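Each chain, written out:
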Amino acid sequence: MVDYHAANNQYSSGGAQTYMEQENDWDRDLLLDPAWEKQQRKTFTAWCNSHLRKAGTQIENIEEDFRDGLKLMLLLEVISGERLPKPERGKMRVHKINNVNKALDFIASKGVKLVSIGAEEIVDGNAKMTLGMIWTIILRFAIQDISVEETSAKEGLLLWCQRKTAPYKNVNVQNFHISWKDGLAFNALIHRHRPELIDYDKLRKDDPVTNLNNAFEVAEKYLDIPKMLDAEDIVNTARPDEKAIMTYVSSFYHAFSGAQKAETAANRICKVLAVNQENEHLMQDYETLASALLEWIRRTIPWLENRNPEKTMSEMQQKLEDFRDYRRVHKPPKVQEKCQLEINFNTLQTKLRLGGRPAFMPSEGHMVADINRAWHTLEGAEKGYEEWLLNEIRRLERLDHLAEKFRQKASIHESWTDGKEAMLTQKDYETATLSEVKALLRKHQAFESDLAAHQDRMEQIAAIAQELNELDYYDSPSVNARCQKICDQWDCLGALTQSRRESLQKTEKVLESIDELYLEYAKRAAPFNNWMESAMEDLQDMFIVHNIEEIQSLIHAHEQFKSTLPDANREREAIQAFHAEVQKIAQHNGIKLSGINPYTTITPQSIDSKWEQAQKLVPQRDKALQEELRKQQSHDNLRRNFAEQANVVGPWIQNKMEEIGTISIEMIGTLEDQLTNLKEYERSIVDYKPNIEQLEGVHQHIQEALIFDNVYTAYSMEHIRVGWEQLLTTIARTINEIENQILTRDAKGISQEELYEYRASFNHFDKKRSGQMVSDDFRALLISTGNSLGDAEFARIMGIVDPNNTGTVTFQAFIDFMSRETTDTDTADQVIASFKILAADKNFITAEELRRELPPDQAEYCIARMAPYTGPDAVPGALDYMSFSTALYGESDL
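Residues numbered from 1 in each chain as written. Predicted model: local features only at pLDDT ≥ 70, side-chain atom pairs only at ≥ 80, totals over all residues. Heavy atoms only, no water.

Student: Would you take a moment to explain the overall build of the chain for this structure?
Tutor: Secondary structure summary: the chain contains 34 helices and 7 strands in total. With 894 residues in all, the chain has 46% of them scored as buried. In the structure as shown, the chain presents an accessible area of about 44,700 Å², 50% of it carried by carbon and sulfur atoms. (Helix = DSSP H or I, 4+ residues; strand = E, 2+ residues; numbered from the N terminus. Buried < 20%, exposed > 50% of the residue type's maximum accessible area, 1.4 Å probe, protein only. Areas by Shrake-Rupley, 256 points an atom, 1.4 Å probe, with all protein chains shown as cover.)

Laid out in C-alpha cells, this is it:
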C-alpha cells in the first residue's frame, strides 16, 4: 500500500503552488470526451478505493457516493493521516453541502487553489466537477511530493520513469499518454524493481493488450496496486487519458519507494539487533564467569576461616602443606580468571559506549567492585589463616616442650618422694637412745631443709601444668591427674613431716648427746646435694631457640656455670673432709660407729657419684649446644639466601610497576606499536616467573625449618606474591586499555595526531600523573579548549564521563567525550521510525510483518521481546515496537 503521510508533511507552497495552478487550468471540456471520461472514472474510482479500503469501505459511483461529503472526508483523513472536523450526519441538502465544504476547506488548507469547484456542484452529482476535484486531490497527495534530481511533481515522476526504463529495449517514455500504449513501459517498471515477477524478454511490442494485462495483473497480485485501467480502452484510444496514466504510474512510484524504505529500515533494525544480541552474549558470559568466581571464593573463605586446631604437630604440618597446595595449584588459575573478568567487563563497556547503549550494570553482587571486595576478603582470610597456622605450630611446639619438661620434673620429684612417707611414719625413735633421738631429730631437720628446697620444684611443676591447661594441651587431663597426685602427696608429706617433728621434739627432752660433726656434715651436704641435683636437672633440661643470639645466650650461661665448678669441687672436698674427720676422731677415741650418719641419708659415695654424673653431663650439654648453634647458623644462611634473592625480586617488581605507570600516560608511536611493545613487555615479565618460583622454593625450605623472621630483608614471600599478582594484573589491564582505545579510534574515526593531542592535553592537566584526572583538573581542561561551562553543563558532562560518580575521569572516558559528536550512531527515534515504515505507518506491528521483513533469527528475537500493543487501534497479535526500541537504548526496561 502507498503511504502519503510523510510526503504530506514535507509539502511546501513554493514551486509546487505554481504547478498546481497550472494543472488547475486544465481543459474541462476534454472531460466530456467519452473515452477519457470512462478512463478517468475507472482510474479515479480504483485509486479512491485503494485508500478507502483501509477504513473498511469503498465507492461504486464516483459522482454519487461523494455527494453527502461523508466518504469524501473519510478519504482525505486516510490519505493525509489527519483528523477533519466532525461531519454532520443529517440527510438534508444543507448537511451535505456543509460536509463537502469541510472537505474543500481542508484541501485549500494544504495550499491547493480550487478553481470553479463548489460544494453545490459536488452535492448535485456533477461528474465533471467531481472528477476535477478528485484529480486535484491526486495531484496534491499522490504526485506533488515526488522529487527526482531537483524536479518535482509531473516532471519528477516523468524523469523517474525515464531513469527506471532507460535500459529496456522498445521503451521510450516521453509523456503520460502514447508512450504507455504498448504496455512495455509498465512491464519495464515492474521488472526493474522485481525482476522475478516478469520475463521481460518474452514480451512483444506488437501485442499491447497482452503486455498491458500482464502488467496490471502482476501489479495487483504482487504489488498491492489495484487495477485502475483497461487494456482495451488504452489500446483503442488514439491518445490515452494523461491523468489516468499519471494516477496509475504514481502508485508504482510510491509502491517501489516504500519497498526501498522498508529494506533500509529492515537493514537498520538488523544492524541494531545484531549489536544488541552480541552485547547480551557478552553480558551473559560476564555473569557466568563472575558467578563461578564468586562461588569459588564463597566456598574457599570458610575453609580459610576454619580455626579448629589439631592435636599433634604432624597434623598441623599437613594443614600447612594443604595451604601450600592451595597457594601453588588452586589460586593462580583464579587470579587469571579475575583478571580476564575485568578485561571482558571493560571491553563490553567500550562496545556499549561506541554503540550509544547504556553502560552494563551486572546483577546485584556481581559488580567488579563486588568481586574485588570478595577477593580482598579472600586474601584477608588467606593471610589470617597462614598466620594462624604458623602460630598454632609454634603453640604445639611450645606445648610439646612444656609437656616433656613436666614429665621430666615430675619423674624427678616422684623419684625423690619415693619412700618418704614410709620414712616419716616409722616409730624408730620410740626404742632409740638419747643420742639416737637427737640424731633422728637432726636428721629430720635436714629432711625438712631438703623438703623446703624441693618446694621450688613443686611450684615449677604446678606452673607448667597450669600453662599446659591455658594453652589447651590435648592431654591436659592426664597432666592434671598426675599434678594433683603430686600435690596431694606433697601435702601429705608436709603433714607427716610436722607430725614427726613434734614427736622427736617431745622425745628430745629426755635424750642428750648429738654428734656435732655428723650434724655439720648433714647441714653442708644437704644444700650441696640439692645444688648438684638442680645442676644435673639444668644440664638435662630441654631448650628451644629461634636465632643465633638465643643459642649464644645459652652457651654463655653454660660457660658461666662451668666457671663455678672449681668452687663447687672445693665445697665437695670440704664436705668429704667432715666425714673423714668423723672417722679420724672415732678411730682416735676408739668409738665404734654404726657406719651411717644419723642426721642424713646423703653419703659421701652418693655425693661423689652425683659429682661424677654431673661431670659427664657437662660435655654432653656442650655438644647439644654446639649442634644447636650449627643448626641456627644453617637457618641464618637460609635467611640470607632468601634475603639476597628477595632484595632483587622486590625492587624489580616495583620498578616494573613504575615503568608500566609511565607507559600508560605516554604515547610513543601508534596505538598498535604501543600494544605490540606492551605485549612484548608482558612476555618479558612472564619470562621472569622462574625467579619467583626459585624464591618460592627457598621460602618453602624456610617454612619447613620453622623460621619465622628475617632481619636481612624487608620483603616477605607474601609481599612478593602480592606484588607479582598486581604486576600481572596491571600489565593486562594496561594492554586492555590500549585495545579499547584502538576500538574507540576505529569506531569514531580518530586520527593518530588527534590521539596524540588528546593524550598531551590529558597529561598536562593530570597533575598527579595517575592516569585519572580529578574533576577540577578536567574542568580546567575543558575551559582550555574554549568551552564556557556553567555548573549545570559541567555536571551533565561529568555524568557522561564519570557515570559511577568516582570523582575522576579516565583517558578512555576523555576520548569518548571528545569524539562523541563526530560519530553517527543509531538512536531510539531512528529505530522507531524504521519499525513504523515496516508497519505501514501503524502504531503497532505484527509477527507476520516482522517475519516477512527481517531475517528469521532477528524476527524471532523481536517477537520474543516485544510486549503486546494495547492502544485503542490494537488488533489481535499486535506488538508494541515503540517500547521495545526505547528499551534497546536503556530508556525503559524490556
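Student: Help me understand the sheet that holds strand S7 (residues 878-880), please; the structure alone is not making it clear to me.
Tutor: In any sheet, the strands associate via hydrogen bonds between backbone groups, in a parallel or an antiparallel arrangement. With antiparallel pairing, 3 strands are arranged side by side in an open sheet as S5-S7-S6. Each of the sheet's edge strands pairs with one partner strand only, and the pair in question is strand S5 (845-846) and strand S6 (867-868). Taken together, the 2 bridges between S6 and S7 define a ladder with antiparallel strand orientation. Pairing of Pro 868 across the sheet is with Leu 879, part of S7. (Pairing = 2+ DSSP bridges.)

Student: Hey, could you run me through the environment of Gln 741 in this one?
Tutor: Looking at the element boundaries, Gln 741 is found in helix H26 (residues 717-748). Expressed as a C-alpha distance, the spacing of Gln 741 and Leu 671, which sit 70 residues apart in the sequence, is 7.7 Å. Each residue touching Gln 741, except ones within four places of it in the same chain, is listed here: Leu 671, Arg 759, Phe 811, Gln 812 and Ile 815. (Contact = heavy atoms within 4.5 Å.)

Student: Looking at this structure, I do not really get the nonpolar core. What am I missing?
Tutor: A general trend in soluble globular proteins is that nonpolar side chains are found buried together. The biggest cluster of nonpolar side chains holds 75 residues, and the ones touching the most others in it are Ile 137, Trp 180, Phe 186 and Phe 252. When residues in this core are grouped by element, the largest group, 11 residues, is from helix H8 (residues 127-143). Excluding its chain neighbours within four sequence positions, the residues that come into contact with Phe 252 are Trp 160, Phe 186, Leu 189, Ile 190, Ala 219, Leu 223 and Ile 225. Counting 51 residues, the second largest nonpolar core, distinct from the first, contains Leu 320, Tyr 385, Ile 461 and Ile 464. (Core = buried A, V, L, I, M, F, W, Y, C linked by side-chain atoms within 4.5 Å.)

Student: Explanation requested: the pattern of salt bridges in the structure shown.
Tutor: Any two side chains of opposite charge can pair, given that their charged atoms come close. Throughout the structure, instances matching the rule amount to 53 salt bridges. Between Arg 865 and Glu 280 there is a salt bridge, and its shortest N-O distance comes to 3.3 Å. Here Arg 865, found in helix H33 (residues 856-865), pairs with Glu 280, found in helix H13 (residues 242-305); they are 585 residues apart in sequence, far enough to count as distant. When its relative accessible area of 32% is taken as the criterion, Arg 865 is described as partly exposed. On the accessibility criterion, Glu 280 (27% relative accessible area) is partly exposed. (Salt bridge = Lys/Arg side-chain N within 4 Å of Asp/Glu carboxyl O.)

Student: Is there a simple way to explain the packing of aromatic side chains in this structure?
Tutor: Aromatic ring pairs: the centre-centre distance and the angle between the two ring planes describe each pair. With the rule as written, the count across this model stands at 25 aromatic pairs. Relative to Phe 216, the ring of Phe 186 has its centre 5.7 Å away and its plane inclined at 70°; by these criteria the two rings are edge-to-face. With Phe 186 in helix H10 (residues 184-193) and Phe 216 in helix H11 (residues 208-222), this pair connects stretches of sequence that are 30 residues apart. On the accessibility criterion, Phe 186 (0% relative accessible area) is buried. Between the aromatic rings of Tyr 286 and Phe 345, the centroid separation amounts to 5.4 Å while the plane-to-plane angle is 45°, which identifies the pairing as tilted. Of this pair, Tyr 286 sits in helix H13 while Phe 345 sits in helix H14 (residues 313-354); the two residues are 59 residues apart in sequence, bridging distant segments of the chain. (Phe/Tyr/Trp six-rings, centres within 6.5 Å; stacked < 30°, edge-to-face > 60°.)

Student: Looking at this structure, I do not really get the environment of Arg 733. What am I missing?
Tutor: Along the chain, Arg 733 turns up in helix H26. Separated by 387 residues in sequence, Arg 733 and Asn 346 have C-alpha atoms that sit 9.1 Å apart.

Student: Sorry if this is basic, but what is going on with the packing of H14 against helix H15 (residues 368-417) here?
Tutor: Angle between the axes and distance between the axes: these two values describe a pair of packed helices. It is at 11 Å that the axes of H14 and H15 come closest, and there the two elements cross at 165°. With respect to H15, the axis of H14 lies roughly antiparallel. Remark: the crossing between H14 and H15 carries left-handed chirality. A class-by-class count of the residues in the contact of H14 with H15 yields 17 nonpolar, 2 polar and 12 charged. (Axes fitted to C-alpha atoms, helices over the stretch in contact; angles between N-to-C directions. Parallel < 35°, antiparallel > 145°, perpendicular 65-115°, else oblique. Left-handed = near helix turned anticlockwise from the far one by under 90°. Nonpolar A, V, L, I, M, F, W, Y, C, P; charged D, E, K, R; others polar.)

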